[in-house]
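# Summary of the model geometry
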Amino acid sequence: MQPFGLDLDYVAVVALFCVGLYMLVAKSNLLKKLLGLNVMETSVFAFIVTAGMVEGGDPPIMVAGTSAPYASPIPHAMVLTGIVVAVSVTAVALALIVQIHAHFGTIEIDELKELP
Amino acid sequence: MRPWSLLLVLLVALPLVAGVATLPPHDAPDAPIHTQVGALYLERGVAETGMKNLVTAVLLNYRGFDTFIEVVVIFTALAAVLALPKGSAPLPKGNAPLPKGSAPVPKGNAPLPQPDAARSQGVGGARSREEEAPEVASDVPVSPVVRFVVRLLAPFIAMFAVAMLFRGHITPGGGFQAAAVFAAVFIALGLVLGQDRAARLVPVDWRPWLQGVAPLAFALVAWIGWRLTGAFLGYPIDDHTVQEAMGFVLEIAIAVGGGVVLARIFLEMET
Amino acid sequence: MTGPWAEALPWAIVLPLVGAALTPAVAVRHPRVSGFWAWGVLLVTAVLTAGLVSELVARGPFSYGLGGWAASYGIELRFDHFSAWVLPLVVLFVVIVPFSWRYLDHVMPDERRPPFYALLLLNAGGMIGFCVTGDLFNLFVFTEVVSLSSYALVAVGGRGLAAFAALKYLFIGAVSSLLMLFATAQLFVLSGSLNMADVSLRLGEIGGGTAVMVAFAAYAVSFMVKAAMFPVHVWLPDAHAIAPSPVSAVLSGMVVKVGIVGMLRIYQIYFGAEVLELGAFNLALVWLGAISIVMGAFFAIFQDDIKLMLAYSTISNIGYIVLGLGLASPYAVIGAAVHVFNHALIKATLFLAAGSIIHQTGFRTLSDLRGVARTMPQTSAAMAIGAVSIVGLPPTAGFVCKWYIALGAFEANQAPFGFALVFGALFIFIYYIRMLNAFYFQPPVHASVAQASETPWSMRGPVVLLASLCLILGVLGGIPLTFVEPAVLDLLPFWGQ
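In what follows, the accompanying structure is described. Computed from a prediction, not measured in an experiment: that's the story for all the values here.

What counts and what doesn't
For every chain, the first residue of its written sequence is number 1, and the numbers climb from 1 along that sequence. Lettering for chains starts from A, numbering for ligands starts from 1, and both go in the order in which the items are written. Predicted model: local features are reported for residues with pLDDT of at least 70 only, side-chain atom pairs are reported and counted for 80 or more only, and whole-chain, interface and lining totals are derived from all residues. To get the side-chain values, all heavy atoms of the structure are used, and hydrogens and water are removed first. In this description a helix means any DSSP run of H or I spanning at least four residues, a strand means any run of E spanning at least two, and both kinds are numbered starting from the N terminus. The globule rule used here is 2.2 Å times the number of residues to the 0.38 power, and the radius of gyration it is set against is calculated over C-alpha atoms. Burial status follows relative accessibility: with a 1.4 Å probe on protein chains alone, a residue under 20% of its type maximum counts as buried, one over 50% as exposed, and anything between as partly exposed. The contact criterion used is simple: two residues touch if any of their non-hydrogen atoms lie within 4.5 Å. Per-residue accessibility takes into account occlusion by the displayed protein chains alone, with areas from the Shrake-Rupley method and a 1.4 Å probe. The charged-residue count follows a simple rule in which Lys and Arg add positive charge and Asp and Glu add negative charge, with His and chain termini not counted at all. Taken as the charge location is NZ of Lys, CZ of Arg, CG of Asp or CD of Glu. Buried area, as used here, totals the accessible surface that two parts lose on assembly, with accessibility defined by a 1.4 Å probe and the loss added over both. In what follows, salt bridge is the name for a side-chain nitrogen of Lys or Arg lying within 4 Å of a carboxyl oxygen of Asp or Glu. For the purposes of these results, a polar contact is taken to be a pair of N or O atoms within 3.5 Å, where, inside protein, one atom must be able to donate a hydrogen and its partner to accept one; residues adjacent in sequence count only when each atom of the pair is a side-chain atom. Each residue is assigned to one of three groups, with Ala, Val, Leu, Ile, Met, Phe, Trp, Tyr, Cys and Pro labelled nonpolar, Asp, Glu, Lys and Arg labelled charged, and all others, Gly among them, labelled polar. Here is the rule: rings of Phe, Tyr and Trp (six-membered ring for Trp) pair when centre to centre is within 6.5 Å. Planes less than 30 degrees apart are stacked, more than 60 are edge-to-face, and the remainder are tilted. Any Lys NZ or Arg CZ that is within 6 Å of a ring centre and within 35 degrees of that ring's normal is treated as a charge sitting over the ring. Residue types Ala, Val, Leu, Ile, Met, Phe, Trp, Tyr and Cys, when buried and joined through side-chain atoms within 4.5 Å, form a set referred to as a nonpolar core.

A count of helices and strands for chain C gives 21 helices and two strands. At 22 Å, chain C has a C-alpha radius of gyration in line with the 23 Å of a compact globule built from 497 residues. With respect to the principal axes defined by its C-alpha atoms, chain C has extents near 70 × 60 × 40 Å. Burial analysis of chain C (497 residues in total) assigns 70% to the buried set. By sequence separation, contacts in chain C at least 24 residues apart represent 81% of the contacts at least 6 residues apart. Accessible area for chain C stands at about 13900 Å²; split by element, carbon and sulfur atoms hold 70% of it. Each charge class in chain C was averaged separately, 21 positive and 21 negative side chains, and the resulting centres sit 13 Å apart.

This is the structure:
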């Protein structure tokens, strides 16, 4: 479905990206910011996977029961790599948030700003 | 704050929508993404790599170097978590090099956030900061039901991970998925049994090697490929047995290394 | 295959990365060994990169198809003139690591050294890969290795504020990496390929289009964040000031250059494809560069903390480089290219000297450090040389490149920007006069400053070496130019000149 020449699947991806960006920018809680970042990451992965799909496509696994057309295998490999990268970034961010909490006793930006 | 955030989001959204609006339609078979390299992989992949799952073929063979660097990224995350200061004790020899104001906040001096019920459940709130060594969940005993179920299911979940690992060449799955499931089993066990008993699953002497096993295995396979074919990370194109062996070494190393790294990151954050 | 050294291309990337993976195992009994291990690995890497550069000089740019696949079929590594930057990069790492051996004593307990050195090695390997890869997605993955290790390196030295600065850096850096991935995905959807040369070719066939422009904009914003240019520089001062000094030297001198190199790669793709009217973009670069120069210099004046001041000066110097690239006249681009290296050298000198002073006295603000030149004459002299150099006064390394950029501004009939450049240098000059005045001509106010001793040789050696390099390259400024000039003149067609 493409009203106004817009591919709605792609528009949904951009919407998800913006939701994540809003969470990252507007929320005061560091964990919520991190969740926003994860939403943004997911939106980009969804974009890549969506782009790799083909009308009526099967997964690119050449065993009995699948037939052409196949979805492109490259986006799947890219997204797998991207997910691992995202997990790593999330892990480091969580470790830093744990440190901030241990030191200041809060992870709210509003409260952190009031500390001396 | 809020209106500015909305404005920023709008500023980002408009060009992005304009960008995706002019992309080729995404599920058409004649889009460039399906006619260029991707089509060649679909056509020749099985013959060239000996793998029926072409995602695995791209991951380990055509774009194996990406995966190499990817396991390096996981290792980076572990090194990062290990390199951060632990707990909230002061630095060993004073904290002179820090700028003013970064000295540890004296306990009880800072304005305490009001720990309402929702927050202390959600993010830990301000509850644990008064404790010298915050022991997670020490005040909430693990329910015997949860403990029993986790212990009952753990071996089966681990079996599932092994199955994903070894059937990754013909079904969805593979090293990274297995690593995630392995780590999940470990973390679940750690939560119900306590860190110490879970940590004993991995012998101390092995840990420094197991953490880095995925990049090391990749370097080894890359070297073997270099000796066999003359190209870094090259697979002998007509010897499917050797190709399969190299692929399995990588998958197992990814599963073990990735699982150990994820579990170790969990342990480091807990203590 | 061209020459014997071409075979070493993937190993030059992989060696530091594998060295990092081995670090915890090597140092399992004696954590301090990790420092020597990292140094040894970097030394071997430096030899390999020197071989690669010799190959480049002898036979020109060369490629390596990983896995034996043809360039656009698998992943291609490409060693061209931009990639030659990896040699000075690794050499600077080799100089900085010995400094950190003793410096870390007051920063972290011994058991955290192996992961610290692993992170340094990962950072180095990631940057080598970033400069060498010819594949867009591979570029993203290397960016993440560099970024992730940088986030962590910022936070290793302290609690609380350090973690907060690192987290701020992480959030902004992660968004910029995501924009980069998004742009990569868009180019992939448009062209069906990830290989840079191939994408460039296909973009040329497609012609322009909104999606092509949006991808370019996303790349540009992403790399501006990495390079800490004016509107998106907010993460830099805190992060670079609070990191341990050897890390500050690496981050300020080299990691921000990832943004510059990345920008050049995207230039190559787009202008090779001739799908972009570059005039407007170059003008934007010139303006942003000029604003970065003046603003970084302006904020630097008001800092009392020496490392915070050095961090702001990095923003200003990145402004010089970007201004030079945007001016797009031969002199300006040559100056900018040389400044990529010279700024790394000068900033390493300054941060290591500042780190020595902080290490020995325990103070880090100008008002506390009065009179430090009396007790630490050699380190202070190095600081002074670095200061003169970064202002851009004649007998030092900084002069050559700023002179070229200024010449380029007049050459391109953009005289106002030439004046902005001189103006920025003036601001910086004011600050360093203040610093040198405090160090040399005022009596100490603290006993620990009055009784400070010079640093041990493992720390003083690198500082003295770097400072003398600043002088040598100032006197023999032609040497880097002879290397850079033909490369830049080769590449200038990309700028449309």
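Our next topic: the interface of chain C and chain B. If you look at the interface, chain C gives 67 residues, while chain B gives 66 residues. Taking both partners together, chain C and chain B bury about 5700 Å²; carbon and sulfur atoms supply 72% of that area. Remark: the boundary between chain C and chain B carries one salt bridge. Between Arg63(B) and Asp135(C) there is a salt bridge, with its nearest N and O atoms 2.6 Å apart. Put simply, chain C and chain B have 11 residue pairs in polar contact (both at pLDDT 80 or more) between them. Of all the secondary structure elements, the ones that give two or more residues to the side of chain C that touches chain B are helix H1 (9-26), strand E1 (62-65), helix H4 (113-132), helix H5 (136-155), helix H6 (161-191) and helix H8 (210-227) of chain C. The biggest single contributor to the side of chain C that touches chain B is H1(C), with 11 residues. Split by residue class, the side of chain C that touches chain B holds 44 nonpolar, 15 polar and eight charged.

As enumerated under the stated definition, the model contains 38 aromatic pairs over all chains in all. Arranged with centres 6.1 Å apart and planes meeting at 75°, the rings of Phe65(B) and Phe68(B) form a pair that is edge-to-face. A residue pair is termed a helical-turn pair when its members lie 3 or 4 positions apart in one helix, as Phe65(B) and Phe68(B) do in helix H5 (residues 64-83) at three residues. The same class applies to Phe65(B) as to Phe68(B), namely buried. Members of the aromatic cluster, connected to one another through ring pairs, are Phe65(B), Phe68(B), Phe218(B), Trp226(B), Phe232(B), Trp11(C) and Phe142(C). The ring centre of Trp226(B) lies 5.3 Å from the NZ or CZ of Arg227(B), which sits over that ring. The ring of Trp457(C) has Arg460(C) sitting right over it, with the charged end atom 4.4 Å from the ring centre.

Turning next to the side chain of Glu48(B). Along the chain, Glu48(B) falls in helix H3 (residues 37-49). Of note is the side chain of Glu48(B), whose polar atom sits 2.9 Å from the side chain of Tyr73(C).

Grouped together as the largest cluster of nonpolar side chains are 294 residues, with contacts concentrated most on Phe65(B), Tyr270(C) and Tyr432(C). Among the elements that take part in this core, H6(C) stands out by supplying 21 residues, more than any other. Excluding residues that lie within four positions of it along the chain, Tyr270(C) makes contacts with Leu187(C), Leu203(C), Val212(C), Ala215(C), Phe216(C), Val275(C) and Leu276(C). Counting residues in hydrophobic clusters, the runner-up holds 14 residues, among them Ala290(C), Ile293(C), Leu323(C) and Ile405(C).

Geometric descriptors of this kind do not, in isolation, establish any biological role.
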